[in-house]
Amino acid sequence: MILVLDSEYKKHIEDAAAVIKNGGVVAFPTETVYGLGANAYDESAVAKIFELKGRPQDNPLIVHVESLPAAKSIAAFGENAERLARRFWPGPLTLVLENKGIPSIVTAGLGTVAVRMPDSDAALSLISASGVPIAAPSANKSGSPSPTCARHVQNDFGDSLLILDAGECGIGVESTVVDVTGEVPVILRPGAVTAEMIAQEAGSAEISSAAPGGTPPSPGMKYRHYAPRADVTVVEGDRAAVIEAIKFLYDKALKNGDKPLVMACRENRKHYGKRDVFVTGSETDPREAAKNLYSLLRSADENGYTGIFFEAVKKEGIGFAVMNRVYKAASYNVIRVTDKR
Ligand code: TXA
Ligand code: MG
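These notes cover the structure that comes with them. All residue numbers refer to position in the chain's written sequence, counted from 1. A letter from A marks each chain and a number from 1 marks each ligand, given out in the order of writing. Selection of residues for local features in this predicted model requires a pLDDT of at least 70, selection of side-chain atom pairs for listing and counting requires 80 or more, and totals for whole chains, interfaces and linings are taken over all residues. Neither water nor hydrogens contribute to the side-chain values; these are computed over all heavy atoms in the structure.

### Section: unusual backbone geometry
At step 1: Following Trp89, the chain continues into Pro90 via a peptide bond in cis, with omega recorded as -10°.
At step 2: Counting from the N terminus, the helices are the DSSP runs of H or I reaching at least four residues and the strands are the DSSP runs of E reaching at least two. Relative to the helices and strands, Pro90 resides in the loop between helix H4 (79–88) and strand E6 (93–99).
At step 3: Non-glycine residue Ser331 carries a positive phi angle of around 50°.
At step 4: With respect to the secondary-structure elements, Ser331 resides in the loop between helix H11 (319–329) and strand E17 (334–337).
At step 5: Positive phi is not limited to glycine here, since Tyr332 has a value of about 60°.
At step 6: With respect to the helices and strands, the residue Tyr332 is situated in the loop between H11 and E17.

Structure follows, in structure tokens:
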């Protein structure tokens, strides 16, 4: 059931908080993507999240808190953690810290716990009204793209789930996950808070080298993620060559009886003529592609497309996180092209 957070805001928050207090599960908005939440201290409630999502037990959840003091009661903060929390909370940054008592079903038995304070009135109101930290992964079935609006959540889980609806998420890709248990912060998952931003605050930052086939340091990295049913091919390189390659691949797919789709920036749209194109956003602002990405991947499936040819976005700012997700959706199926000279 979708509860739109408008005039009855307070009542809907209280209804959802009652479900959390009674050991149930609710979906709620955040600034990144929608989450599927339960009382982090209630093991049987958390077990329901894993069951509903079809999520492997060894992939730990993020615990959402309403304040820095609340975070400190569940995790040990070193100097870097404190600085980063003060600078970026509430916001799209998840800190991996030494655990101080969150049950192992949430942390997948690791000694650490992932904590974040979301920048969303609805999420913060829900956490306050529940009176407990809320463990929540993204509110999608395991393996499908994260939800950026209430309808996406309802499509995955049906109408029996209570969903708080605050409209479309402003950011659209999941939070940056950074391990701050060592000297140097290590980014396990890129997001809106970039490596540069973290380094500016903490003096340095590393991006985990987890690659396909490599050892996945963030347990979530080893599963195929963010994937639509359509096959995704990323094409990257010089503009004219990218457009030529995509047109060639699209036309070939069409001849083979497939239903191809181009995902391109607004500036390049016209070059694809009558071919089916979804616009990811302006090439000069990767925040648009971030906000639109998951919704476009879901629409592609809903419209029966079987192959997506995706123009790479510049890996600047949040563009780095966008391409991290797109590579995964493509199972690292990437074609690099250059202009002939
Ligand atoms: O923006 C977000 O982070 C959203 C919203 C709902 O807050 N949540 C989200 O959760 O994306 P989820 O479960 O889809 O992704 C959590 C990621 C996974 O890659 C998981 O492996 C990693 O965080 N993670 C959680 N706890 C960890 C830990 N203790 N150590 C390392 N990685 C951890
Ligand atoms: Mg997820």
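### Points about the packing of aromatic side chains
At step 1: Aromatic rings from Phe, Tyr and Trp, taking only the six-membered ring of Trp, are treated as a pair when their centres fall within 6.5 Å; an angle between ring planes under 30 degrees marks them as stacked, one over 60 as edge-to-face, and anything in between as tilted. What the rule picks out here adds up to three aromatic pairs.
At step 2: For the ring pair Phe77 and Trp89, a centre distance of 6.1 Å and an interplane angle of 80° mean the geometry is edge-to-face. Linking Phe77 in the loop between strand E5 (75–76) and H4 with Trp89 in the loop between H4 and E6, this pair joins segments that are twelve residues apart in sequence. The pair Phe77 / Trp89 is uniform in exposure class, with both members buried.
At step 3: Geometrically, the ring pair formed by Phe278 and Tyr305 is edge-to-face, given 5.9 Å between the ring centres and 85° between the ring planes. With Phe278 in strand E15 (residues 277–281) and Tyr305 in the loop between helix H10 (286–302) and strand E16 (307–311), this pair connects stretches of sequence that are 27 residues apart. For the residue pair Phe278 and Tyr305, the accessibility class agrees, reading buried in each case. Accessibility here uses a 1.4 Å probe with only protein chains present; expressed as a share of the type maximum, an area under 20% marks a residue as buried, one over 50% as exposed, and anything in between as partly exposed.

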